[in-house]
Each structure stands twice: as C-alpha cells, then as structure tokens.
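Structure at a glance
Single-letter residue listing:
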Amino acid sequence: MPRYLNVALGQLGPIQRADSRTQVVARLCELMRQAHAVGAQLIVFPELALTTFFPRWYIEDEAEINSFFEQSMPNAATQPLFDLSKALGVGFYLGYAELAQEATGAVRYNTSILVDRSGQIVAKYRKVHLPGHKEHEPWRRFQHLEKRYFTAGDGWEVTQAFGGVVGMAICNDRRWAETYRVMGLQGVEMVLIGYNTPVHNAPAPEHDDLSLFHNQLSMQAGAYQNGTWVVGVAKAGVEEGVDSIGGSCIIAPSGEVVARCLTKGDEMAIARCDLDFCAIYKRTTFNFDLHRQPQAYGLITQRKGETLGADGTVWAAPSGV
Ligand code: CDT
C-alpha cells in the first residue's frame with residue numbers, strides 16, 4: 001500500500017539586501033499557493049530564506065548583524081506564511097537565521113523548522129556543518145563567514161510527520177555522508193535540505209565548474225545509500241553581485257532525480273513521493289542490521305547500543321541515534 005506525499009520545491013531567486021521580510025514572505029506565499037494548486041502537502045524553502053545571504057559580508061556592528069536574525073518564530077513578518085499554511089493545509093520547511101536566548105546569553109544559529117499542515121512547528125534543526133571561515137579574508141571576492149556568525153547545532157533528530165519519518169539538514173550538511181547516515185540509522189524516509197551555494201568557491205576556484213554536479217552528486221548518494229527521499233532547494237541566481245547555483249531537485253531512494261527546477265528564479269516544482277518506496281532499499285542492499293559492519297567503522301557511525309567489537313565497549317550515543 002503506497003504512502004504518497006506530494007512534495008513541492010519552493011526555490012527562491014535572489015533576495016537583495018534592500019528587500020524587506022514582508023516582500024520575501026509574499027514570494028514564499030505565492031510559491032505555496034502554486035504548490036497547493038497542484039496538490040502539494042509540503043513545500044520546502046531554502047536555507048536563510050528570509051534575507052539575503054549576509055555571511056558574504058564582514059560586519060562588525062552587532063545590531064547590524066542581528067538585523068538579519070529572527071528573535072521568534074512565527075513573528076509579525078512570517079505570520080502570513082503560517083496562516084496560509086493552515087488555510088491551505090500545506091506544511092513547509094523554512095530556513096532562517098535564529099537569535100536564541102539561552103542561559104549563557106544570546107546565541108546565533110543557522111536554523112530550519114518543519115511546519116505541519118495545520119501551521120504548527122513540529123521540529124527545529126540547527127545547522128551542524130558551518131562552512132567558510134571566522135576572520136575577515138579580504139583576498140576573497142566575497143566572504144563566507146558562517147563560522148563567525150553562527151554556533152553549530154548538535155545533531156539530527158528525525159520527526160514523525162506527514163505520514164512518515166522526516167529529517168532536516170541545511171546546505172553544507174548535504175556534502176557529508178554522516179548527515180544522511182545519522183538520520184538513516186533513525187529510519188529516515190525523507191530528508192529536507194535548503195541551500196545557498198555560490199558558484200565560486202574562493203579556496204578552490206577550479207571546482208567552480210563542478211558546483212552543480214557536486215550538489216546533485218552529494219544528495220543522490222545520500223538518498224541511495226540510506227534508502228530515503230531527499231529534497232534539496234536552492235536560493236539561486238545573482239544576489240548582491242554573487243551568483244549562486246539553482247538545481248533544486250527531488251531525489252528518490254533509488255538515487256534518481258524525479259523532479260527539478262529549471263530556472264534560477266522563484267520556481268515551484270512537484271513530485272508525488274511514495275514513502276513506502278524506501279522500504280525495498282532499507283530491506284535489501286542497505287539493510288543496516290544485516291550488512292553494516294559497525295565494529296570496523298569506529299565511533300561516529302555507531303548506533304546506540306551497538307558494541308565496538310572485541311572489548312565490548314558500547315558507545316553512549318545521543319538519544320534517538
Ligand atoms: N550555505 C552553505 O553552506 N554554502 C556552502 C558553500 C560552500 S563552502 C564556502 C555549501 O556547501 O554549499
């Protein structure tokens with residue numbers, strides 16, 4: 001018996017610095033309406049989807065940095081998106097910069113949320129793999145200061161939602177096998193990923209021509225090797241003079257791309273994803289219980305309770321891993 005989930009790509013074109021949250025949310029709402037019109041139950045938006053990709057700039061003024069962050073979610077600017085979600089019965093993934101108040105003070109994260117079909121937040125994820133650098137590097141054409149502006153999150157927890165097991169990751173996370181495997185070990189059936197990926201990679205410009213290829217390669221491998229759907233969504237095009245890749249796509253557990261965006265602007269595309277299509281991969285080629293060899297891998301890919309071999313050491317993994 002198939003478990004179909006109609007998932008839409010909510011790709012965004014560029015957001016310039018002068019664009020207001022209100023303008024951006026209106027664009028997100030328009031994409032959600034288009035997705036609803038063709039039967040979507042879930043739409044996935046990009047990383048840092050409410051503002052321009054500000055880590056390209058070295059900014060010293062704290063108030064100016066904080067102007068790119070959300071102190072609460074939903075808030076006045078994003079409430080219309082939550083209201084529309086509830087009215088249409090379309091859930092969403094949204095990436096944004098989060099300013100969290102913690103016991104130690106304010107902490108900045110690169111965050112995504114999963115909102116169900118009734119407009120309620122059901123999961124939050126904070127980006128683990130923060131790329132780029134911490135200090136100003138004027139030799140670059142533009143900065144990539146995620147290590148300066150964000151604190152890393154502490155891992156991946158999957159969520160029962162949309163009739164299946166859903167996980168989230170953000171941009172650079174998609175290049176790391178561990179991202180998918182940690183969620184694969186929790187039985188993930190769909191991984192949602194928003195990204196902002198400049199075509200130009202300053203430390204390795206010889207990779208620029210491969211940026212779209214590496215994007216798809218990483219997500220296809222993650223999908224196939226864990227028997228999961230992967231939904232990757234870009235903020236694309238030329239933003240404040242920096243060109244970023246598009247290539248938003250939906251990938252089946254077979255590793256095949258079943259839907260993709262064709263432009264580098266605001267664009268919606270949709271696929272009917274059978275979550276039960278994961279099972280054949282999880283039961284056969286990637287049957288972890290039958291074929292994985294954790295005793296040979298070391299700590300990082302252990303599942304809770306798995307032994308490390310001869311000395312019988314058990315890894316104390318975070319709950320759920
Ligand atoms: N946003 C983000 O994580 N971007 C990185 C850019 C490459 S590293 C400078 C990415 O992995 O796509």
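Below you will find a few notes about this structure. (Residues numbered from 1 in each chain as written. Predicted model: local features only at pLDDT ≥ 70, side-chain atom pairs only at ≥ 80, totals over all residues. Heavy atoms only, no water.)

**Some details on the pattern of salt bridges**
Side chains that carry opposite charge are capable of pairing whenever their charged atoms lie near each other. The tally for this structure, following the rule as stated, stands at 17 salt bridges. Its salt-bridge partner being Arg3, residue Asp276 comes within 2.7 Å of it at the nearest N-O pair. Taken together, the residues span a long stretch of sequence, with Asp276 in the loop between strand 14 (267-274) and helix 7 (277-283) and Arg3 in the segment before strand 1 (4-11) at a distance of 273 residues. A residue is classified by how much of its surface remains accessible, and Arg3, at 27% relative accessible area, is partly exposed. Of the charged contacts, one joins Glu239 and Lys235 as a salt bridge, the two residues approaching to 2.7 Å between their closest N and O atoms. Here Lys235 falls in the buried class, since its relative accessible area comes to 1%. Bridged by salt links that share partners, the residues Glu98, Glu102, Lys124 and Arg126 form one connected network. (Salt bridge = Lys/Arg side-chain N within 4 Å of Asp/Glu carboxyl O. Helix = DSSP H or I, 4+ residues; strand = E, 2+ residues; numbered from the N terminus. Buried < 20%, exposed > 50% of the residue type's maximum accessible area, 1.4 Å probe, protein only.)

**Structural notes on the environment of Leu50**
Structurally, Leu50 can be placed in the loop between strand 2 (42-44) and helix 2 (62-66). Note on Leu50: relative accessible area 2%, which makes it buried. Taking the C-alpha atoms as reference points, Leu50 and Gln23, separated by 27 residues in sequence, lie 9.3 Å from one another. Residues in contact with Leu50, not counting those within four places in the same chain, are Ile15, Arg21, Val24, Val25, Leu28, Glu70, Met73, Thr78, Leu94, Gly95 and Tyr96. (Contact = heavy atoms within 4.5 Å.)

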